[in-house]
Amino acid sequence: MSANVLRRELALFTEGPEVKKRGQRRLEKVVKKSKRASQDETAVAEMAGVEAKRAKIEPESGTCILCSKKSPLSELSKAAGNSSWKTLCDAAAVRNFYPILKLVQEGAVELPNIPILYHRACRSDFTHKNHLATLTNAARSSSVDTGDAVRRRSSREETGSTSTVYDDKCIFCQRASKFIKGSRTRETVVLAVELRANKTIRDAATSRNDERVLALTTRDMVAAEAHYHFSCYRNYTRPQKPQVETDIEDNIEKKEMIRCIFNFIRTDLFLNPRIVPIVDVATDILSSDTFSVDVRDSIKKNLQRTLQREFGESLIFFNVKHRVYLMPDNLTKREIAAECVNLKAEVKAFERTDGESNIVRAATSLRHQIKDAHYNERWPPQPAELTSDYVKIPDSLRVFLHTLICGSGGSSARADTLVWSMAQDIINAVHRGTIRTSKHVLLPWVMKTLTGNTEVIRILNRLGHGCSYTVLEEIETALCIDKLASVEKDTVPLPSHVHPSVPTVLAFDNIDRLEESLSGGGTSHRVNGIIVQPKSQSCLPPQPPSAVSKADKKRSIPSSSDLVPIYSGGKREGPPAIKPADLSDTLAGATSLAQRRNHVWIMTRMLEPCDQTISSWTGFNIMTRDRVQVTEDVVGYLPTINAPATDMATVQEILREALNIMSSLQLERIPVVLDQALFAKATEIAWKDVDRYGRIVLMMGNFHTICNFMSSIGKMFGDAGLRDVAVESGVIAEGSINRVLEGKQYNRAVRLHKLMYEALMRIIWKGFQVWIESNHPDKEPQIRSTDLKIRSIKEDVCHETLAAALDDDSCVQSFDMFAKYLHFLRTKHGDLARFWMMYIDMVETLLGLIRADREGDWMLHLACVRRVIPWCFAMNKVNYARYLPVYYAQMTQLHETCPELYRHFNQGYFSVQLRPGNPFARIAVDQTTEETVNKDTQTAGGTRGFSLRQGAVSRYYLTAENRATALRQLLETILVNGSDTSHAKHPDLSTSRIKRDESGVTAICDLLENDWTNPFADDPSCLLSISTGAAAREDVSNDLLNTLQKGEAAYQSFQKRLEEGTGFHDTLNKLNLKTFGKIKQKVVKGTNKEIVLRADRQLFATMILIAKTRNLDMQLVLCHPLGPLPWSLANVDGSMKKTNKAALAKHMEGLVEPAENVDKRSATIIDAMALIQKMHGENDTFEELSDRILAAALHAGQGSERIDVVFDTYTEESIKAAERVNRGSNEGISFSEIRPAHKIMNWRRLLACSQTKEKLVVFLAESWKHETNREKLGNRTLYVTCGEKCLVLTRDRWKLVQALECSHEEADTRMFLHAKHAATHYKTIILVADDTDVLIISLHLSRTIDSQLFIRRGTKVRVRMIDVGKLAAVLGSGVCSALPGLHAWSGCDTVSALASQGKIKALKLVQANELYLQAFTDLGSSWNVPTDVFNSIQAFTCQLYAKNTKIVGVNSLRYHMFCAKKGQIESGQLPPCEDSLMQHTRRANYQAAIWRRSLENLPDVPTPSAGHGWELDDGGSLTIRWMAGLPAPDVVLNLISCTCSRTCRPSDCSCILNGLKCTVVYLYKKNNVDHTARNMEYFKHSFGVAKSVSNQVMSQNAGRKAKDRKPKEKKKKEESVFTEQDFKRFQREYFGKR
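Conventions used here
- Residues numbered from 1 in each chain as written.
- Predicted model: local features only at pLDDT ≥ 70, side-chain atom pairs only at ≥ 80, totals over all residues.
- Heavy atoms only, no water.
- Helix = DSSP H or I, 4+ residues; strand = E, 2+ residues; numbered from the N terminus.
- Buried < 20%, exposed > 50% of the residue type's maximum accessible area, 1.4 Å probe, protein only.
- Contact = heavy atoms within 4.5 Å.
- Pairing = 2+ DSSP bridges.
- Patch = residues over 30% accessible without salt bridge, like charges linked within 9 Å, V, L, I, M, F, W, Y side chains within 5 Å.
- Areas by Shrake-Rupley, 256 points an atom, 1.4 Å probe, with all protein chains shown as cover.
- Salt bridge = Lys/Arg side-chain N within 4 Å of Asp/Glu carboxyl O.
- Lys, Arg positive; Asp, Glu negative; His and termini not counted.
- Charge placed at Lys NZ, Arg CZ, Asp CG, Glu CD.
- Arc of directions from axis to C-beta.
- Polar contact = N/O pair within 3.5 Å; in protein donor to acceptor, adjacent residues only side chain to side chain.
- Phe/Tyr/Trp six-rings, centres within 6.5 Å; stacked < 30°, edge-to-face > 60°.
- Lys NZ or Arg CZ within 6 Å of the ring centre and 35° of its normal.
- Core = buried A, V, L, I, M, F, W, Y, C linked by side-chain atoms within 4.5 Å.
- Axes fitted to C-alpha atoms, helices over the stretch in contact; angles between N-to-C directions.
- Parallel < 35°, antiparallel > 145°, perpendicular 65-115°, else oblique.
- Left-handed = near helix turned anticlockwise from the far one by under 90°.
- Nonpolar A, V, L, I, M, F, W, Y, C, P; charged D, E, K, R; others polar.
- Disulfide = S-S within 2.5 Å.

**Observations concerning the overall build of the chain**
Now for step 1: From N to C terminus, the chain includes 67 helices and 26 strands.
Now for step 2: Relative to its full complement of 1634 residues, the chain shows a buried share of 51%.
Now for step 3: Intrachain contacts of the chain at a sequence separation of at least 6 include 73% that bridge at least 24 residues.

Dropping the structure here:
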């Protein structure tokens, strides 16, 4: 075999073109070393003869002289001349290639006569200059020694030199260049130029006891021109960590092991030369038990390098099939050849024997050994005992399988696992399933745990990989019965690995089980529990014999009939008087240290963000806690309580079980962790019976507290821009953001706040550096020194470097200055900075809560809980506000009430260590419940949906610990070579996660600094949304900025109750502080009076009733709207009533046939914003979006020579402002800059913002101007509007078009200005727009534009082309002239419609009456409404509501309609009063006037608030002016409102004095106080109203208070003013359909 190995190495070059460079170098090295090692000249001659024969030149056979392979003559080449032959000869001389050298020795100095054939690829590799140079240099640097066993110095060792200067190599690694760690860039050596380098290197060499480097330092480094890599110099001179005792012992042990290996090489391998696998050297020599495993592993990794350094070229190393072999240089080729011949002879002799009979004999022998082996199987098998040695595998079977898998080579961890698995299957199969190995129990058990799929278990059983499902159920049942038999009656069965007298924590949580049932009903709610202990070294009591015989084959346990005892609590009790202990100094210190660690992390990640190597918050804390010893805690499952957690009886059962467990474990106190809901009930029971439950320490789960706190952060900052930042930066998907802000997706929410916190802190740190330069330049040295310390942490992230930075004086001073700057931002840098500093503080509190659990820091936990309490009061978290102060007070007194438990918590055991090997992985106890028992229950393989049988559920929970142990045992068995996964890399430490987190932080910073509002910009800002730019109202700003102070005041008020021990269960008033969400709510204000009229379903009827009872003139009363808004024009929320505009367009389309043939030489004008609205821009960058929009525009204009893309413009005082608000402009995302590479995540929110759309238009115009985009135009011409300007683009150039500059706001009108411009060159113009406004304007201007107009409407499914000229001819010129006024008056985007009055009805009425036709033709001709036009429109309105009426005034019509219906009419069914109609007509006139001036570039448009139906509100925004007068007569208004504050006294209330129910009672309906009866009694006696009327109102009022009560149908009485039908109509009008 050794000869074959060498033969392969020597013949590597014969593989032709496929030979790699690495193989060539290895070949050359092996050949050279083999020849040097040759001691026998005869053997060399023989080998040379063999090579000569193999490479014998036979031109007629077509053999390559270089690789000796025969090939067709067509594939071979020959030397072209003497120069080509000389090149081959030179290469042969370097390579010592015998066939060519022989020809040269025979005199073939010039090209021989015989043809020299070779493959081109072989010649190329053979004569490669770099390879030849490498061989030449190697030959020069190595000394040639033909002695027997002369030891050669390693090529790595420094050779003596008489030169006055050192070589250009690194004096440390002795290489000229090397790759920089983590990159593909080479690092070159640098020249020593500093005199101090000599001393630094000498000191480092002395401390390392490095004799070689010490020898170099005897000369002056600068004078000797010493070179080194900067990284090598830094690593070599870095102070070495002090070795602990174990490190010294390891070094001594390593030296001893290396000495043994060297002794083996010298005394064995050199004396008995042979080829040996290097693995065997490591295995045989290092197999002694005296050497530790860790040291053995480290030696094996560097064994080849160690041997090369010691023995140099005396040992030859080579690879065969990824295995490294070594042989001494005194092993001759004759010996190698002889060994090869002997091995081949042995193989042939074995092949001649009867192979089949040998296999049968071997199989029979193995079967007998398996049968005769002794197997000690216990019933039921305990999961902890099911290790890899549970069933002993016969040695012969192990050797057979190992040889079958690996051959005669060495072993591997993978092979060992396969051998173990196959051996288990064979043993089980030979014994026909009677012997259940550990694999055949663990594998199906784990599969059931992970999947819950019994079919998978059956498949595994049929394939021989596991026991049957029946056997598995028998095992689980036997284990369950054993556990029940081991406990006494009325006690709780505990997990077997729980130790007595060890501090213990219990936790309980509610779980909803979704059992499978036909109807879906009958599901149950249960309470799961866990028990947690630190790992103990004490011995557990021996296991008693099993209570179940293997022959019983039980597969179920009887159902338990235990019912939870009924709880009868009586009067609720509060806590005894309690006051938190004063731990302010201790808690402040814990908080300060945690904050500084966070700041160090932020600064470390800021050093090189472009090449980020520092992980996020979790990963950084893992690495800086490298000295912490981690011990996994013991977690066991408790039997489930089959009752809902909402019942007090269930909570009482939890406390009873806790007492039983405390007694069983012989404990004095036991803490029980619950969520807030269970905690509230448990404390109530415990306070009621202190003597019984006083030893139970009730605790609120920190995990649920964190989730609640994150919901407060989301409520506070979600609408302030946090929601938009999370989505737009790509950190959180839009579909998940709501649940993230509510704290219901824990991991995503925590990650969002970490990234947002880091981004804000980076922005703050930049401002801090500027602040230092401006205000404290004397502190800049400390800042620079701190930066150096932080860089040392980046180079080596560990506890030592972090502690050094935190203790460094310059760092402490820098952190103090940074704290002052943060205080400056909180107090003196504007409201916006102050507001977002509150976010910084809240996230630091959040991270503190998490850190406290992860590190087991009890004081930090208490400090953060204290900081959370005021936020619970401020954010209306009433339940946490009530109970969290109690929990905090009790825990701060724990050192006095329960010292042992206090010490236990201070050691970190209030949280749980689930993962071994991670020093930053402790989690809250209630989170442990979620991660263990709840997760196991709800995921596949749990109880969710598997059974309704109580016995099956009980068995599941009682054997939960066994399933967990089985899973752990199987994983430990199949792990590669028993490796431990405890050191598995945390996800936050992976490179991909680091890059992703960095990209998220960078995206947030870019959004805030470049696109949106930077809350910490140099210029202080008022409070506004950082995404939309919407400013907070004064009341909202006051609440937000003082949230913490108000919450703290509320907490202090409640704390007084706790200290007094009274009023605990009294009502906690909600603060109801306003947030940014309140900005979206609309406030309707009255005129002339500060009276807020609510759009109530009974308001109109109340006003009518008042007018009737006071004998007012109803005609005068009905001249008012009788409401805060005219209900015929407005909706309850203050928005305009809408009508179906498309119905009018559809009606007119039906008057003509769609056009089919359109002149190809045409111009297409596109409503660009309508085109953009149809697109989906999510996940596109702005650059990609620009390309898509351009492509869509060119596609829409295909076939046209000219394409006009017309955009809207956006002005501050716009009549479309109200419509844009209704479309969500207040919630739109505002970008300060459009950057091409920014990825759009929230497309619709982006389009909702006018400012962003304006910037988008500018970006598109600039982008399309580039040459690459102009090339896409071809021969077409593109006109693009940008603000008031217009650009024309062709393939060759672009320029501004002066003739198309205009001040139009809407693209609807600007399109016709472009049409007029295009009509000078094109006879056909196509307008691409679906808006009805465009159709109306085109009909009006059809005769003015000297070209044929077409409008393309519809969707991709059905596109219609309307010939505007034909349609105008059908309608007539008079109707076309009246259409703008009629369309605006009957309802458009800026003018409201009339309730229940459609456009087609109005059009037909205009077509039938010349007076009305003329009125609407004149509407919009001037900016003011003439009196005669308004009178005609009044008459038109009357005809619209009452077709055949002769009434021409809307006020009179309102009265007559009211009388005709006998008061039984809804307010929206009446026409608007004259006051409201006048305002409505003015708005329509203003809009129509704009449309009629579409062909003017700069129309003189007056301000809309100057008497045109709009007005400016208090904030300067343009709003609709619904009426100029009062909503109702003064006498009615005075009766509707009163000045009562919160309670009503009949003697002082103007409502009751005037016979109405009190307004304050109306506003505070939640008090459930009904004054209607008292008011109506007073009303009857005072005003003498008919009794039937009063009773009717009272009965209807009762019906409104009980909506589920079906009203009794009564016969309508003619004299009734307010009936049940009225009430239903009012309900539909004011509240919509129910």
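**Side note on the sheet that holds strand S7 (residues 276-277)**
Now for step 1: Taken in spatial order, the three strands of this open sheet run S7-S9-S8, and their pairing is antiparallel. The strands lining the two open edges of the sheet, one partner per strand, are S7 and strand S8 (315-320).
Now for step 2: Of the strand pairs in this sheet, S8 and strand S9 (residues 323-328) are connected by six bridges, and their pairing is antiparallel. Bridging across to S9, Phe318 finds its partner in Tyr325.

**Regarding the pairing of strand S20 (residues 1285-1289)**
Now for step 1: Of all five residues making up S20, four are buried, and the element is well covered by its neighbours.
Now for step 2: When strand S19 (residues 1277-1282) meets S20, the two strands line up antiparallel, connected through five bridges. Following the sheet pairing, Leu1278 is matched in S20 by Leu1289.
Now for step 3: Hairpin connection, S19 to S20: the antiparallel pair is bridged by two residues, and Gly1283 has positive phi, about 70°.

**Observations concerning the side chain of Asn1242**
Now for step 1: Position of Asn1242 among the secondary structure elements: in the loop between helix H49 (1217-1222) and helix H50 (1243-1247).
Now for step 2: If near-sequence neighbours (up to four positions away) are discounted, Asn1242 is found in contact with Val727, Glu728, Glu734 and Ile1229.

**Examining a positive patch on the surface**
Now for step 1: Taken together, the side chains of Arg175, Arg186, Arg305 and Arg309 present a region of like positive charge at the surface.
Now for step 2: As for its placement among the helices and strands, Arg186 is situated in strand S4 (residues 186-188).

**Quick word on helix H55 (residues 1364-1371)**
Now for step 1: Where H55 is concerned, the buried positions are Val1364, Leu1367, Ala1368 and Leu1371. For H55, the arc enclosing every buried residue in end-on projection is 100°, short of the 170-degree limit, so these residues lie on one face. Opposite its buried face, H55 presents the exposed residues Lys1366 and Ala1369, each directed more than 90 degrees away.
Now for step 2: Its side-chain oxygen at 3.1 Å from the backbone nitrogen of Gly1365, Asp1363 defines the N-terminal cap of H55.
Now for step 3: Phi turns positive one or two residues past the end of H55, at Gly1372, with a value near 95°.

**Observations concerning the packing of aromatic side chains**
Now for step 1: With the rule as written, the count across this model stands at 41 aromatic pairs.
Now for step 2: An angle of 70° between the planes, with centres 6.1 Å apart, marks the rings of Phe1182 and Phe1259 as edge-to-face. Taken together, the residues span a long stretch of sequence, with Phe1182 in helix H48 (residues 1182-1196) and Phe1259 in helix H51 (residues 1250-1264) at a distance of 77 residues. By the burial criterion, Phe1182 is buried, and Phe1259 matches it.
Now for step 3: Note on Tyr1486 and Trp1510: the rings are 5.6 Å apart at their centroids and 65° apart in plane angle, and the pair reads as edge-to-face. Here Tyr1486 is found in helix H61 (residues 1474-1492), whereas its partner Trp1510 is found in strand S25 (residues 1510-1512), with 24 residues between them in sequence. Per residue, the accessibility class of Tyr1486 equals that of Trp1510, and both read buried.
Now for step 4: When the ring centre of Tyr1279 is taken as origin, the NZ or CZ atom of Arg1202, which lies over that ring, is 3.7 Å away.
Now for step 5: Lys1265 extends its terminal NZ or CZ atom over the ring of Trp1294, reaching a point 3.9 Å from the ring centre.

**Focus: helix H20 (residues 454-462)**
Now for step 1: Two to three positions downstream of the cap, the backbone nitrogen of Glu455 sits 2.9 Å from a side-chain oxygen, assigning the N-cap of H20 to Asn453.
Now for step 2: Two residues or fewer after H20 comes Gly464, characterised by a positive phi angle close to 85°.

**Looking at the nonpolar core**
Now for step 1: If you look at the biggest cluster of nonpolar residues, it comprises 220 residues, and the most contacted ones within it are Phe717, Met756, Ile764, Phe835, Trp836 and Trp858.
Now for step 2: Per element, the largest residue contribution to this core is 16 residues, and it comes from helix H29 (residues 746-775).
Now for step 3: Setting aside chain neighbours within four positions, we find Phe717 in contact with Leu722, Phe835, Trp836, Met838, Tyr839 and Met842.
Now for step 4: Residues Val1117, Val1152, Ile1215 and Val1334 belong to the second largest nonpolar core, which totals 88 residues.

**A short note on the sheet that holds strand S23 (residues 1348-1354)**
Now for step 1: Read from one edge of the open sheet, eight strands run S21-S20-S19-S18-S17-S22-S23-S24, paired in mixed fashion. Of all the strands in the sheet, the pair left with one neighbour each is strand S21 (1294-1296) and strand S24 (1359-1363). In this sheet, adjacent strand axes meet at a mean angle of 20° when their direction is disregarded.
Now for step 2: With three bridges joining them, S20 and S21 adopt antiparallel strand pairing. Each bridged residue has a counterpart across the sheet, and for Val1288 the counterpart in S21 is Lys1295.
Now for step 3: Across the face of the sheet, H51 comes into contact with strand S18 (1202-1206), S19 and S20 while running at roughly 150° to S19.
Now for step 4: Against the sheet, H55 contacts S23 and S24, and its axis sits at roughly 60° relative to S24.

**Quick word on the packing of H29 against helix H41 (residues 991-1011)**
The description of two packed helices rests on the angle between their axes and on the distance between the axes.
Now for step 1: Two numbers describe how H29 lies on H41: the axes approach to 9 Å, and their chain directions differ by 55°. By the criterion of interaxial angle, the relationship of H29 to H41 is oblique. Our pair here, H29 against H41, has a crossing hand that is right-handed. Residue-level contacts link Arg751, Leu755, Met756, Glu758, Ala759, Leu760, Arg762, Ile763 and Lys766 of H29 to Arg993, Arg996, Asp997, Glu998, Val1001, Thr1002, Ile1004, Cys1005, Leu1008 and Glu1009 of H41.
Now for step 2: Here the contact of H29 with H41 is composed, by residue class, of nine nonpolar, one polar and nine charged.

**Looking at the state of the cysteines**
Now for step 1: Applying the stated criterion across every chain, the model contains zero disulfides.
Now for step 2: Of all cysteine sulfurs in the structure, the one in Cys170 sits closest to Cys173, which takes part in no disulfide; the separation is 3.7 Å.
Now for step 3: Given a relative accessible area of 23%, Cys173 falls into the partly exposed group.

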